[in-house]
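Each chain is listed here by its residues.
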Amino acid sequence: MLNNLAEGSYVYIPSSSKLMLFHEDSDFVKKTKILEKPIYVVYLGESNTNRDYGQIFFDGKIWNTYKNNIYRGKEDE
């Protein structure tokens with residue numbers, strides 16, 4: 001889960017997490033996606049429209065997901 005996670009951090013999103021694509025500058029959902037497998041993506045910060053969501057960069061777009069679906073990614077080895 002999110003704890004002092006900086007924008008630009010690499011994060012883990014587990015399978016079965018719901019991603020939401022919002023219409024620009026609104027809280028209306030344009031598209032949803034349920035992940036079939038876990039992903040590692042870049043965290044972009046808290047959502048501008050709803051504090052319950054975090055933003056991630058996935059598949060060339062900015063998606064939102066519930067903050068409890070976002071985990072710190074692997075550290076560089």
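Residues numbered from 1 in each chain as written. Predicted model: local features only at pLDDT ≥ 70, side-chain atom pairs only at ≥ 80, totals over all residues. Heavy atoms only, no water.

**Digging into a positive patch on the surface**
Next up, step 1: Together, Lys 30, Lys 31, Lys 33 and Lys 61 give the surface a local cluster of positive charge.
Next up, step 2: A total of three residues in the positive patch trace back to one element, the largest contributor, which is strand 3 (residues 29-34).
Next up, step 3: Checked against the element boundaries, Lys 61 lands in strand 6 (residues 61-66).
Next up, step 4: Using a relative accessible area of 41% as the deciding quantity, one classes Lys 61 as partly exposed. (Patch = residues over 30% accessible without salt bridge, like charges linked within 9 Å, V, L, I, M, F, W, Y side chains within 5 Å. Areas by Shrake-Rupley, 256 points an atom, 1.4 Å probe, with all protein chains shown as cover. Salt bridge = Lys/Arg side-chain N within 4 Å of Asp/Glu carboxyl O. Lys, Arg positive; Asp, Glu negative; His and termini not counted. Charge placed at Lys NZ, Arg CZ, Asp CG, Glu CD. Helix = DSSP H or I, 4+ residues; strand = E, 2+ residues; numbered from the N terminus. Buried < 20%, exposed > 50% of the residue type's maximum accessible area, 1.4 Å probe, protein only.)

**A closer look at the pattern of salt bridges**
Next up, step 1: Here the structure, examined in full by the defined rule, presents two salt bridges.
Next up, step 2: Salt-bridge contacts for Glu 46 lead to Arg 51; the nearest nitrogen and oxygen are separated by 3.6 Å.
Next up, step 3: Linking Lys 67 and Glu 46 is a salt bridge whose minimum nitrogen-to-oxygen distance equals 2.5 Å. In this pair, Lys 67 is assigned in the loop between strand 6 and strand 7 (71-72) and Glu 46 in strand 4 (residues 39-46), connecting sequence segments 21 residues apart.

**With respect to the nonpolar core**
Next up, step 1: Of all hydrophobic cores here, the largest spans 13 residues; its most connected members are Val 11, Ile 13, Ile 39, Val 41, Ile 56 and Phe 58.
Next up, step 2: Only strand 1 (10-13), strand 2 (18-22), strand 4 and strand 5 (53-58) provide two or more residues apiece to this core.
Next up, step 3: Among the elements that make up this core, the one with the highest residue count is strand 4 (three residues).
Next up, step 4: Residues in contact with Val 41, not counting those within four places in the same chain, are Ser 9, Tyr 10, Val 11, Ile 13, Ile 56, Phe 57 and Phe 58. (Core = buried A, V, L, I, M, F, W, Y, C linked by side-chain atoms within 4.5 Å. Contact = heavy atoms within 4.5 Å.)

**Brief notes about the packing of aromatic side chains**
Next up, step 1: Taken as a whole, this structure holds five aromatic pairs when the rule is applied.
Next up, step 2: Taken together, a centroid distance of 5.6 Å and an interplanar angle of 20° make the contact between Tyr 10 and Tyr 40 stacked. A residue pair is termed long-range when its members are at least 10 positions apart, and Tyr 10 in strand 1 and Tyr 40 in strand 4 qualify at 30 residues.
Next up, step 3: Overall, Tyr 40 belongs to the partly exposed group, its relative accessible area being 35%.
Next up, step 4: Aromatic pair Phe 22 and Tyr 53: ring centres 5.7 Å apart, planes at 45°, arrangement tilted. One end of the pair, Phe 22, is in strand 2; the other, Tyr 53, is in strand 5, with 31 residues separating them in the sequence.
Next up, step 5: Here the aromatic residues Tyr 10, Tyr 12, Tyr 40 and Tyr 71 are joined through ring pairs into a cluster of three or more. (Phe/Tyr/Trp six-rings, centres within 6.5 Å; stacked < 30°, edge-to-face > 60°.)

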